[in-house]
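Structure assessment
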Amino acid sequence: MVKVIASTLRKGNVVDIDDKLYVVLTAENIHPGKGTPVTQLDMRRISDGVKISERYRTTEQVERAFVEDRPHTFLYEDSDGYTFMNPETYDQVTVPKDVMGDQSVYLQEGMECMLSTHNGVPIAIELPARVVLEIVDTEPTVKGQTASSSYKPAMLSNGVRTMVPPHIASGTRVVVMTADASYVERAKD
């Protein structure tokens, strides 16, 4: 464990408080007109997902946990969770369903993801920002409709609903953001 000054913590850092691991969701340094500057941390406990909010004086020390981030390739899903492989060592790691969360709908076989581990235990995973999916159901294209700002609802091949421009038809492959399922562009392939 490494002790760091509270004001140096950023989003995504993992800290150890009372032998429990927390991931920092937001870190804000507050400098009031008079009084001591403080660092406001919103964190999520990794073990059970409970969110907490803490305030530290900017000079206070916090224990930062050593987290290893490595690229892993998604292999398959089973009842235990999601199995990933380290492309360098070919070691397989199973990520529990609660660590994966609701972003699991975007997983595709062979997808490269960043897996964060602490003492060999998976604690967080980061998917690519964009993913290519197929439109399986949408309203038919209306002739003469210009490329205005109106979007229509569509169902993606992974079961997620999104909004697409009027010229996109069923069967079209599109690029969507994994963060919020928003349409980016038509796939280039």
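Report follows, based on the coordinates. (Residues numbered from 1 in each chain as written. Predicted model: local features only at pLDDT ≥ 70, side-chain atom pairs only at ≥ 80, totals over all residues. Heavy atoms only, no water.)

**Looking at the pairing of strand S16 (residues 183-186)**
As paired strands, strand S15 (residues 173-177) and S16 are joined by three bridges and run antiparallel to one another. Residue pairing for S16: Val 174 is matched across the bridge by Arg 186. Connecting the antiparallel pair S15 and S16 is a turn made up of five residues, with Ala 181 showing a positive phi of about 60 degrees. (Pairing = 2+ DSSP bridges. Helix = DSSP H or I, 4+ residues; strand = E, 2+ residues; numbered from the N terminus.)

**A look at the layout of surface pockets**
Of the volumes computed, that of the largest pocket is approximately 1,100 Å³. Lining the largest pocket are 36 residues, with Arg 44, Gln 103, Ala 124, Ile 125 and Glu 126 sitting closest to its centre. Sorting the residues of the lining of the largest pocket by element identifies strand S3 (20-30), helix H1 (97-100), strand S10 (112-118) and strand S11 (121-126) as the ones contributing at least two each. For the lining of the largest pocket, the leading source of residues is S11, giving four residues. For the lining of the largest pocket, the per-class residue count stands at 19 nonpolar, eight polar and nine charged. (1 Å grid on protein atoms, 1.4 Å probe; cavity = no way out; pocket = protein on both sides within 12 Å on 5 of 7 lines; lining within 4 Å. Points joined across faces, edges and corners; volume = space filled by probe spheres on them. Nonpolar A, V, L, I, M, F, W, Y, C, P; charged D, E, K, R; others polar.)

**A look at the sheet that holds strand S7 (residues 68-78)**
Ordered in space as S9-S8-S7-S10-S11, the five strands form an open sheet in which the pairing is antiparallel. Since the sheet does not close on itself, it has two edges, and those belong to strand S9 (92-95) and S11, each with one partner. Averaged over all pairs of adjacent strands, the angle between strand axes in this sheet comes to 45 degrees, irrespective of strand direction. (Axes fitted to C-alpha atoms, helices over the stretch in contact; angles between N-to-C directions.)

**As for the environment of Ile 52**
Tracing the backbone through its elements, the reader meets Ile 52 in strand S5 (residues 51-57). Residue classification places Ile 52 among the partly exposed positions, given a relative accessible area of 21%. Along the sequence, Ile 52 and Asp 42 sit ten residues apart, while their C-alpha atoms lie 5.9 Å from each other. Discounting chain neighbours no more than four positions away, the residues touching Ile 52 are Tyr 22, Leu 41, Asp 42 and Met 43. (Buried < 20%, exposed > 50% of the residue type's maximum accessible area, 1.4 Å probe, protein only. Contact = heavy atoms within 4.5 Å.)

**Examining the pattern of salt bridges**
Tallied over the full model, the rule gives four salt bridges. A salt bridge links Glu 63 to Lys 3, with the nearest nitrogen and oxygen atoms 3.8 Å apart. Here the residue Glu 63 occupies a position in strand S6 (residues 61-64), and Lys 3 occupies one in strand S1 (residues 2-5), the gap between them amounting to 60 residues. According to the relative accessible area criterion, Glu 63 is partly exposed, its value standing at 29%. The partner of Lys 188 in a salt bridge is Glu 185, with the nearest N and O atoms 3.1 Å apart. By relative accessible area, which is 72% here, Lys 188 ends up exposed. (Salt bridge = Lys/Arg side-chain N within 4 Å of Asp/Glu carboxyl O.)

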